[in-house]
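Chain and residue survey
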Amino acid sequence: MTRVEVDANRQTGQGDFSPGDEKMTRFETERLLVAEWHTLHKEQWPSLDLAGAVQEILTPNVTACLPASWQGKYSRERADQWIDDRDGEDATWLVVENTTQEAIGLLILSGTDEYGHLRLGYMLKESAWGNGYASELISGLVGWCRENRIRSLTGGVVKTNTASVRVLEKCGFEPRPDDATNNEQMYSIGFV
């Protein structure tokens with residue numbers, strides 16, 4: 001992933017970003033609140049414990065298909081370092097289940113070298129698997145991209161991760177055969 005500014009307006013050419021502009025830092029679906037992780041308030045996510053959420057979400061099963069440096073067990077110190085690393089590189093959003101107000105996942109958006117194009121990565125905690133949250137999350141993100149005039153969204157999936165492949169295809173992404181490697185396939189959706 002490459003660096004992205006939380007300033008999605010810069011990606012879309014809409015001018016200066018205001019951290020108070022909730023439209024640019026969050027979206028909601030029927031069951032989920034998805035927001036840049038430093039913008040959440042106690043009434044939206046009572047825990048406000050990012051390191052604890054990262055520890056719960058980034059388990060060995062969740063990170064198995066991710067870069068080797070992200071795999072393994074997360075201590076509180078490692079979770080804090082992972083948060084610092086993401087803050088320095090990417091826009092990271094927390095996925096909160098509305099009813100329980102529990103953090104169930106992470107969404108990472110990165111800028112590309114092309115104007116208005118974003119790359120995505122997402123992870124859901126194991127207890128959230130199989131409940132349709134991934135499809136709801138990515139569908140909500142697609143809507144957010146359309147509303148904010150993002151040009152395209154791309155995500156890479158390890159070919160053996162058939163559940164993530166189905167999610168992306170269900171949400172309108174198409175494979176990019178020219179961008180495939182031995183174990184990863186890129187998927188993309190355009191909005192312009």
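Quick note: structure is the one above.
Residues numbered from 1 in each chain as written. Predicted model: local features only at pLDDT ≥ 70, side-chain atom pairs only at ≥ 80, totals over all residues. Heavy atoms only, no water.

Some details on the packing of helix 3 (residues 50-57) against helix 5 (residues 76-89)
This is how the line gets drawn: Here an angle of 0 to 180 degrees is reported between the N-to-C directions of two axes, which are lines fitted to C-alpha atoms, with helices fitted over the stretch in contact. Secondary structure counts use DSSP, requiring at least four H or I residues in a row for a helix and at least two E residues in a row for a strand, with both numbered from the N terminus. An angle below 35 degrees is read as roughly parallel, one above 145 as roughly antiparallel, one from 65 to 115 as roughly perpendicular, and any other as oblique. Here a residue-residue contact requires only that any non-hydrogen atoms of the pair lie within 4.5 Å. Three categories are distinguished: nonpolar for Ala, Val, Leu, Ile, Met, Phe, Trp, Tyr, Cys and Pro, charged for Asp, Glu, Lys and Arg, and polar for the others, with Gly belonging to the last.
Where helix 3 meets helix 5, the closest approach of the two axes is 8 Å, and the angle between their N-to-C directions is 105 degrees. Viewed along their axes, helix 3 and helix 5 adopt a mutual orientation that is roughly perpendicular. Here Leu 50, Ala 51, Gly 52, Val 54 and Gln 55 of helix 3 lie close against helix 5, whose contacting residues are Arg 76, Ala 79, Asp 80, Trp 82 and Ile 83. When its residues are assigned to classes, the contact of helix 3 with helix 5 shows 6 nonpolar, 2 polar and 2 charged.

Description of the nonpolar core
We count it as follows: The nonpolar core is taken to be a set of buried Ala, Val, Leu, Ile, Met, Phe, Trp, Tyr and Cys residues, with the residues joined through side-chain atoms within 4.5 Å. Burial here depends on accessible area, computed with a 1.4 Å probe over protein chains only, as a share of the maximum for the residue type. Under 20% is buried, over 50% is exposed, and the range in between is partly exposed.
Grouped together as the largest cluster of nonpolar side chains are 34 residues, with contacts concentrated most on Leu 109, Leu 137, Ile 138, Trp 144, Leu 153 and Phe 173. By residue number, the principal contributor to this core is helix 6 (residues 133-147), which donates 8 residues. The contacts of Leu 137, once residues within four sequence positions are left out, are Phe 27, Leu 32, Val 34, Val 95, Leu 107, Tyr 122 and Leu 124.

Quick notes on the pairing of strand 5 (residues 117-124)
Counted only if it meets this: Being paired, for any two strands, means DSSP has found at least two bridges between them. Looking down the strands as they point away from you, a crossover is right-handed if its path from the first strand over the helix to the second goes clockwise.
The buried count for strand 5 comes to 7 of 8 residues, which makes it a mostly enclosed element. Sheet topology note: the strand 4 (residues 102-111)/strand 5 ladder contains 7 bridges and is antiparallel. For Leu 107, the partnering residue across the bridge sits in strand 5 and is Tyr 122. When strand 5 meets strand 6 (residues 152-158), the two strands line up parallel, connected through 4 bridges. Looking across to strand 6, one finds that Leu 118 is bridged to Leu 153. Note on the crossover from strand 5 through helix 6 to strand 6: the handedness is right-handed.

Some points on helix 5
As a reminder, the rule being used: How far a helix is expected to stretch is found by multiplying one less than its residue total by 1.5 Å. What the arc describes is the spread of directions from the helix axis to the C-beta atoms.
For helix 5, built from 14 residues, the straight-helix expectation of 20 Å at 1.5 Å per residue is met to within 8% by its first-to-last C-alpha distance of 20 Å. Among the residues of helix 5, Ala 79, Trp 82, Ile 83 and Arg 86 are the ones counted as buried. Projected down its long axis, helix 5 shows its buried positions confined to an angular sector of 100 degrees, all on one face. Its buried side turned inward, helix 5 meets helix 3, strand 3 (91-97), strand 4 and strand 5.

Overview of the packing of aromatic side chains
To keep things clear, this is the line we draw: Centres within 6.5 Å are what make two rings of Phe, Tyr or Trp a pair, Trp counting through its six-membered ring; a difference in plane orientation under 30 degrees is then read as stacked, over 60 as edge-to-face, and the rest as tilted.
Applying the stated rule across the entire model yields 4 aromatic pairs. Taking 6.0 Å as the distance between ring centres and 45 degrees as the angle between the ring planes, the aromatic pair formed by Phe 27 and Trp 93 counts as tilted. Of this pair, Phe 27 sits in strand 1 (residues 26-28) while Trp 93 sits in strand 3, placing them 66 residues apart in sequence. Judged by its relative accessible area of 2%, Trp 93 is buried.

A word on unusual backbone geometry
The residue Leu 48 is not glycine, and still its phi comes out positive at about 50 degrees. Mapped onto the elements, Leu 48 comes out in the loop between strand 2 (32-36) and helix 3. Despite not being glycine, Arg 149 has its phi angle at roughly 55 degrees, a positive value. Examined against the element boundaries, Arg 149 turns out to sit in the loop between helix 6 and strand 6.

Concerning the environment of Arg 78
Turning to its location among the elements, Arg 78 is positioned in helix 5. As for Arg 78 and Val 54, which are separated by 24 residues in sequence, their C-alpha atoms are 9.4 Å apart. In this structure Arg 78 touches Ser 69, Trp 70, Gln 71, Gly 72 and Lys 73, once residues within four positions along its chain are discounted.

Structural notes on the packing of helix 6 against helix 7 (residues 162-170)
Which entries qualify depends on this criterion: It is the rotation of the near helix from the far one that decides the hand of a crossing: anticlockwise by less than a right angle makes it left-handed, clockwise makes it right-handed.
Put simply, helix 6 and helix 7 touch, their axes get as near as 9 Å, and they point 40 degrees apart. In terms of axis orientation, helix 6 runs oblique to helix 7. As helix 6 packs across helix 7, the resulting crossing turns out to be right-handed. Contacts between helix 6 and helix 7 pair Ala 134, Ser 135 and Ile 138 from the former with Val 167, Leu 168 and Lys 170 from the latter. Residues that form the contact of helix 6 with helix 7 fall into these classes: 4 nonpolar, 1 polar and 1 charged.

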